[in-house]
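# Fold and contact review
One-letter residues, chain by chain:
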Amino acid sequence: MLDARVAELLNVQVNKEFYSAYLYLDISNYYVDQGLDGFANWYKIQAQEERDHAMLFMQYLQNNGCKVTLDAIDKPDKVFDSFGAPLHVGYEHEQYVTSLIHNIYDAANAVKDFRTMQFLDWFVKEQGEEETNAEGLIKKYELFGSDPRALYMLDSELGARVYSAPSLVL
Ligand SMILES: [Fe+2]
């Protein structure tokens, strides 16, 4: 069995990952409404990845004999006033998620729970990639977003993103 606090934090993380999926679906829907289907595609796939993360945390808890409690998922309530605004929301959200993962890692480390630390290693690396991607989108938008033709091309580029299942298998 896992340490009670570690297990609780992992259970909270299931909810946080589902919320991330909700947030990215909300962003995807915003871009659909704006006619930027490529941006919408990028965030829809991001939402799929977040659902995968939630399932991985759930599976890890169950593999360790822990009961999973599914809590209500918060309503995404951000209002976007420009094409660039969701990109900043996404980047800030990823930084927040990184802090959550690090916090669980800290708790596992405190009780010498090496198994959970090893499980979380994948997420530590994943968060590094998520932050780089989110920051990269902001940079590209700042460079090209104000020119309609360049924005069209950027939208096409983001439209080419395809879903791939997580490399972590439990
Ligand atoms: Fe995630």
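Conventions and cut-offs
- Residues numbered from 1 in each chain as written.
- Predicted model: local features only at pLDDT ≥ 70, side-chain atom pairs only at ≥ 80, totals over all residues.
- Heavy atoms only, no water.
- Donors = N, O, S within 2.8 Å, 3.2 Å for Na, K, Ca; no water.
- Helix = DSSP H or I, 4+ residues; strand = E, 2+ residues; numbered from the N terminus.
- Buried < 20%, exposed > 50% of the residue type's maximum accessible area, 1.4 Å probe, protein only.
- Expected span 1.5 Å × (residues − 1).
- 1 Å grid on protein atoms, 1.4 Å probe; cavity = no way out; pocket = protein on both sides within 12 Å on 5 of 7 lines; lining within 4 Å.
- Points joined across faces, edges and corners; volume = space filled by probe spheres on them.
- Nonpolar A, V, L, I, M, F, W, Y, C, P; charged D, E, K, R; others polar.
- Contact = heavy atoms within 4.5 Å.
- Salt bridge = Lys/Arg side-chain N within 4 Å of Asp/Glu carboxyl O.

Looking now at the coordination of the iron ion. Bound to the iron ion on the protein side are Glu17 (OE), Glu50 (OE) and His53 (ND1), at distances that span 2.1 to 2.2 Å. Mapped onto the sequence, the residues coordinating the iron ion show the spacing E-x32-E-x2-H. A residue pair is termed long-range when its members are at least 10 positions apart, and Glu17 in helix α1 (residues 4–34) and Glu50 in helix α2 (residues 37–63) qualify at 33 residues. The same class applies to Glu17 as to Glu50, namely buried.

Structurally, the α-helix is built with 3.6 residues per turn, so residues lying three or four positions apart point the same way. The end-to-end C-alpha distance of α2, which contains 27 residues, comes to 39 Å, matching closely the 39 Å that a straight helix rising 1.5 Å per residue would cover. Phi turns positive one or two residues past the end of α2, at Gly65, with a value near 75 degrees.

Counted as a void, the largest pocket has a volume near 150 Å³. If you trace the largest pocket, you find it lined by Glu49, Asp52, His53, Trp122, Lys125, Glu126, Glu129, Ser164, Ala165, Pro166 and Ser167. When residues of the lining of the largest pocket are traced back to their parent elements, those giving at least two are α2 and α4 (114–144). Its residues assigned to classes, the lining of the largest pocket comprises three nonpolar, three polar and five charged.

Moving on: the side chain of Thr98. Mapped onto the fold, Thr98 is located in helix α3 (residues 85–110). Ignoring any residue separated from it by four or fewer positions in sequence, one finds Thr98 in contact with Gln127 and Glu131.

Our focus in this paragraph is the pattern of salt bridges. Applying the stated rule across the entire model yields three salt bridges. The salt bridge partner of Glu129 is Lys125, with a shortest N-O separation of 3.5 Å. With Glu129 and Lys125 both in helix α4 and four residues apart, the pair spans about one turn of that helix. Its salt-bridge partner being Lys140, residue Glu157 comes within 2.5 Å of it at the nearest N-O pair. Residue Glu157 is found in helix α5 (residues 148–159), and its partner Lys140 is found in helix α4; the two are separated by 17 residues along the sequence. By relative accessible area, Glu157 is classed as partly exposed at 42%.

Keep in mind these numbers describe shape, not what the thing actually does.
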